[in-house]
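# Structure at a glance
Residue strings, one per chain:
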Amino acid sequence: MRGFDCEVIVLETALPTTTRDGQTIHTFLVADRTGSIMMNIWGNDGKFIRNGDIIRIENAESKLFKGFLQLTTARFGKIKRVGEDTMLFKDHPNFSELQWVTEEESLAMAAPEDGHH
């Protein structure tokens, strides 16, 4: 899903990682009233985000990466710190800990193995 706005609180901050082409990825566990999810911020925008920050993301995107759901900013997404430590949230379920499958994968698993109906 892409192009949505959301507001989350940062629960945990991981060490940044660097891709083969030198891009920095900042990873956070974030939550809202529905549960928690891993959020990846590319580039320097993630450098200033801290635990307890309340972040508003405009033009957010949720993606499956290796079967796990993640939140990120779309190409023209915006991140803004709107507060800290004062937001109701649930840390469970953690949607990034659940194994997800695409609709195509689900249909393939449901199809008979021998190809007969």
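The coordinates are above.
Residues numbered from 1 in each chain as written. Predicted model: local features only at pLDDT ≥ 70, side-chain atom pairs only at ≥ 80, totals over all residues. Heavy atoms only, no water.

Looking now at the overall build of the chain. Within the chain, the secondary structure is distributed over 1 helix and 6 strands. The linear arrangement of helices and strands in the chain, starting from the amino end, is β-β-β-β-β-β-α. Taken across its 117 residues, the chain has 32% of its residues classed as buried. Long-range pairs, those at least 24 residues apart, make up 62% of the contacts in the chain with a sequence separation of at least 6. As displayed, the chain has an accessible area near 8,300 Å², and 53% of this comes from carbon and sulfur atoms. (Helix = DSSP H or I, 4+ residues; strand = E, 2+ residues; numbered from the N terminus. Buried < 20%, exposed > 50% of the residue type's maximum accessible area, 1.4 Å probe, protein only. Contact = heavy atoms within 4.5 Å. Areas by Shrake-Rupley, 256 points an atom, 1.4 Å probe, with all protein chains shown as cover.)

Right, let's talk about the pairing of strand S3 (residues 24-32) for a bit. Of all 9 residues making up S3, 7 are buried, and the element is well covered by its neighbours. Strand direction decides the pairing type here: strand S2 (residues 17-18) and S3, joined by 2 bridges, are antiparallel. Among the inter-strand pairings, Thr17 is bridged to a residue of S3, identified as Ile25. The hairpin turn running from S2 into S3, its antiparallel successor, is 5 residues long, and Gly22 in that turn takes a positive phi close to 90°. Taken together, the 8 bridges between S3 and strand S4 (residues 35-42) define a ladder with antiparallel strand orientation. By the bridge assignment, Ala31 is partnered in S4 with Ser36. Linking S3 to S4, which pair antiparallel, is a turn of 2 residues. (Pairing = 2+ DSSP bridges.)

Functional significance is not addressed by these values, which are geometric in nature.
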